[in-house]
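Analysis of the macromolecular model
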Amino acid sequence: MMAAVYRGVRDIRIERVPVPRISASEVLVRVEVCGVCPTDIKKIHHGTVPAPRIFGHETSGTIVKVGGRVDGFRVGDRVALHHHVPCLNCHACRHRTFAQCPQYKRTGVTGGFEAAGGGYAEFVRVMSFCLPGLVRIPRGNTFEEAAMLEPVNTVLKAVRRLDVMAGDVVMVAGQGPIGLMFTKLLSLAGARVLATDFMPERMRLGKKLGAARVMEPDSPELKGVVERMTRGRGLDAVVVAVPVDAAVRQGTELLRGGGRVLLFAHTKRGADAPVDLSTVCVDEKDLIGSYSADVTLQGEVARLVFRRAFDVRPLISHRFFLEETSAAIDLAAAPTADSLKVVVKRRA
Ligand SMILES: [Zn+2]
Ligand SMILES: [Zn+2]
């Protein structure tokens, strides 16, 4: 089969590799759509994991082979995949910190080599422990919508961590694909969203997805707007969906005492940032993070997306074929005025 293989820093090559073989407790899926995710870009651009690997984990496709011991799935089923599934049994899982579970850290979907998602290949093997994350795609929905389940799941998990009440005012810094998902899911949760971004098209979409206000983050009016929206209390929560330290600082300043700042894009290790720790200790402003998805939310995420309470289709701006994976990654890494979610598709 054809695959886009990571061979080293910024080195993605289109190669012929064997179709993965499955065991009796696994399924083989022909990839239809795979979204390009910033965490893959980071690994490719910084070489944070050893090569070779086949990345891509926002995957949907068609089951083409089912192991003899697998129940509940058939050849021909259209499915969305989920590549990290916790054991629900260990110490981390009992604390519901699923992303820290040893089984969760194993990637259970692969196109070959060290498992890394495999979505930038023609076929992927789904290991048995990841079958609970598989979701069937309803007839009226597309493979593109299904490929968005994984990122929407990560955002819903983070929104849950914010514990917002109806009427709370939440700032979402950054209206890229992930920031826009926050704007939508927070709005659905009853929050009033103040979204910030510099790009006009992203600001327009933020408004469309439910933001009460959309502004540029350096607008001199921002502080006054926060005061008016919150009657002088300050923001209830801030989501920082861009890897920008200044956004963390700004959000913390605009936050009320006892509020929460959630980091979603600060994935680069080894970068120190100054924090006035009294804002945590005295003002009780919590600085929290959220990483990756939660399989226990998968059913709810599927309902939101497939019934289109959250219609994700407007978020997909660019489509590339598998052999153009490098170009897809480059575009996602350096967004243009009109680019949002970039996906890689099977050539029909
Ligand atoms: Zn992702
Ligand atoms: Zn566990």
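**With respect to the pairing of strand E12 (residues 235-240)**
Both faces of the sheet carry side chains from a regular strand, because those side chains alternate between them. Among the six residues of E12, six are classified as buried, and the element is accordingly described as predominantly covered. Where strand E9 (residues 169-173) meets E12, four bridges bridge the pair, whose relative direction is parallel. Considered in E12, the bridge of Val172 is made with Val239. The pairing of E12 with strand E13 (residues 255-263) spans five bridges and is classified as parallel.

**Re the sheet that holds strand E10 (residues 192-196)**
Spatial ordering of the open sheet is given by E11-E10-E9-E12-E13-E14, a layout of six strands whose pairing is parallel. Looking at strand neighbours, the two that pair on one side only are strand E11 (213-215) and strand E14 (286-289), the edges of this open sheet. Pairwise comparison of adjacent strand axes, ignoring direction, gives a mean angle of 20 degrees for this sheet. Strands in contact with helix H5 (residues 149-162) are E12, E13 and E14; relative to E13, the strand with the most contacts, it is inclined by about 160 degrees.

**Re the environment of Glu300**
Along the chain, Glu300 falls in helix H11 (residues 298-306). Residue class for Glu300 comes out partly exposed when judged on the 14 C-beta atoms lying within 10 Å of it. Note: C-alpha distance between Glu300 and Lys345 (45 residues apart in sequence) is 25 Å.

**Comments concerning the environment of Thr279**
Among the secondary structure elements, Thr279 is positioned in helix H10 (residues 278-281). The exposure class of Thr279 is partly exposed, given the 17 C-beta atoms found within 10 Å. Sequence separation of Thr279 and Leu255 is 24 residues, and the distance between their C-alpha atoms is 9.9 Å.

**Things to note about the domain arrangement of the chain**
Here the chain is described as being made up of domain 1 (2-148 + 312-345) and domain 2 (162-289). Here the C-alpha centre of domain 2 lies 29 Å away from the C-alpha centre of domain 1. Taken together, the contact pairs nine residues of domain 1 with seven residues of domain 2. Residues that form the side of domain 1 that touches domain 2 fall into these classes: five nonpolar, one polar and three charged.

**A look at unusual backbone geometry**
Cis geometry is adopted by the peptide bond preceding Pro52, which originates at Ala51 and carries an omega value of -5 degrees. By the element assignment, Pro52 lies in the loop between helix H1 (38-46) and strand E4 (58-66). Notably, Phe113 is not glycine yet its phi reads approximately 60 degrees, a positive angle. With respect to the helices and strands, the residue Phe113 is situated in the loop between strand E6 (109-110) and strand E7 (123-126). A positive phi angle, near 55 degrees, is found at Asp163, a position not held by glycine. Topologically, Asp163 is positioned in the loop between H5 and E9.

**Re the nonpolar core**
In terms of nonpolar packing, the biggest core is built from 102 residues, with Val152, Val170, Val238, Val239 and Val240 touching the most fellow members. Ranked by residues supplied to this core, first place goes to H5 with seven residues. Each of domain 1 (2-148 + 312-345) and domain 2 (162-289) gives at least three residues to this core.

**Section: the packing of H5 against H11**
Running from N to C, H5 and H11 cross one another at 115 degrees; their axes reach a closest spacing of 9 Å. Pair H5 / H11 crosses with right-handed handedness. Judged by residue contacts, Leu149, Val152, Asn153 and Leu156 of H5 engage Gln298, Glu300, Val301, Ala302, Leu304 and Val305 from H11. The class makeup of the residues in the contact of H5 with H11 is seven nonpolar, two polar and one charged.

**Brief notes about the packing of H1 against helix H12 (residues 325-333)**
It is at 10 Å that the axes of H1 and H12 come closest, and there the two elements cross at 105 degrees. Compared by their axis directions, H1 and H12 come out roughly perpendicular. Within the contact between the two elements, H1 uses Ile41, Ile44 and His45 and H12 uses Ile329, Ala332 and Ala333. A per-class count over the contact of H1 with H12 returns five nonpolar, one polar and no charged.

**What to know about helix H9 (residues 245-254)**
Taken together, the buried positions of H9 are Ala247, Val248, Gln250, Gly251, Thr252 and Leu254. Packed against the buried residues of H9 are E9, helix H8 (222-229), E12, E13 and H10.

**Brief notes about helix H6 (residues 177-188)**
Here H6 contains twelve residues, and its C-alpha end-to-end distance of 17 Å stays within 8% of the 16 Å for a straight helix at 1.5 Å per residue. Of all twelve residues in H6, ten are buried, a share of seventy percent or more. The complete set of buried residues in H6 reads Pro177, Ile178, Gly179, Leu180, Met181, Phe182, Thr183, Lys184, Leu185 and Leu186. Looking one or two residues beyond H6, the residue adopting positive phi is Gly190, at roughly 95 degrees.

**Some details on the environment of Ile22**
Here Ile22 shows up in the loop between strand E2 (11-16) and strand E3 (27-35). C-beta crowding within 10 Å serves as the criterion here: with 21 such atoms nearby, Ile22 is assigned to the buried category. Sequence separation between Ile22 and Val124 is 102 residues; the distance between their C-alpha atoms is 9.4 Å.

Criteria and cut-off values
- Residues numbered from 1 in each chain as written.
- Chains lettered and ligands numbered in written order.
- Predicted model: local features only at pLDDT ≥ 70, side-chain atom pairs only at ≥ 80, totals over all residues.
- Buried ≥ 20, exposed ≤ 12 C-beta atoms within 10 Å, placed from the backbone.
- Helix = DSSP H or I, 4+ residues; strand = E, 2+ residues; numbered from the N terminus.
- Pairing = 2+ DSSP bridges.
- Axes fitted to C-alpha atoms, helices over the stretch in contact; angles between N-to-C directions.
- Contact = placed C-beta atoms within 7 Å.
- Domains from an automatic or database assignment.
- Nonpolar A, V, L, I, M, F, W, Y, C, P; charged D, E, K, R; others polar.
- Core = buried A, V, L, I, M, F, W, Y, C linked by C-beta atoms within 7 Å.
- Left-handed = near helix turned anticlockwise from the far one by under 90°.
- Parallel < 35°, antiparallel > 145°, perpendicular 65-115°, else oblique.
- Expected span 1.5 Å × (residues − 1).

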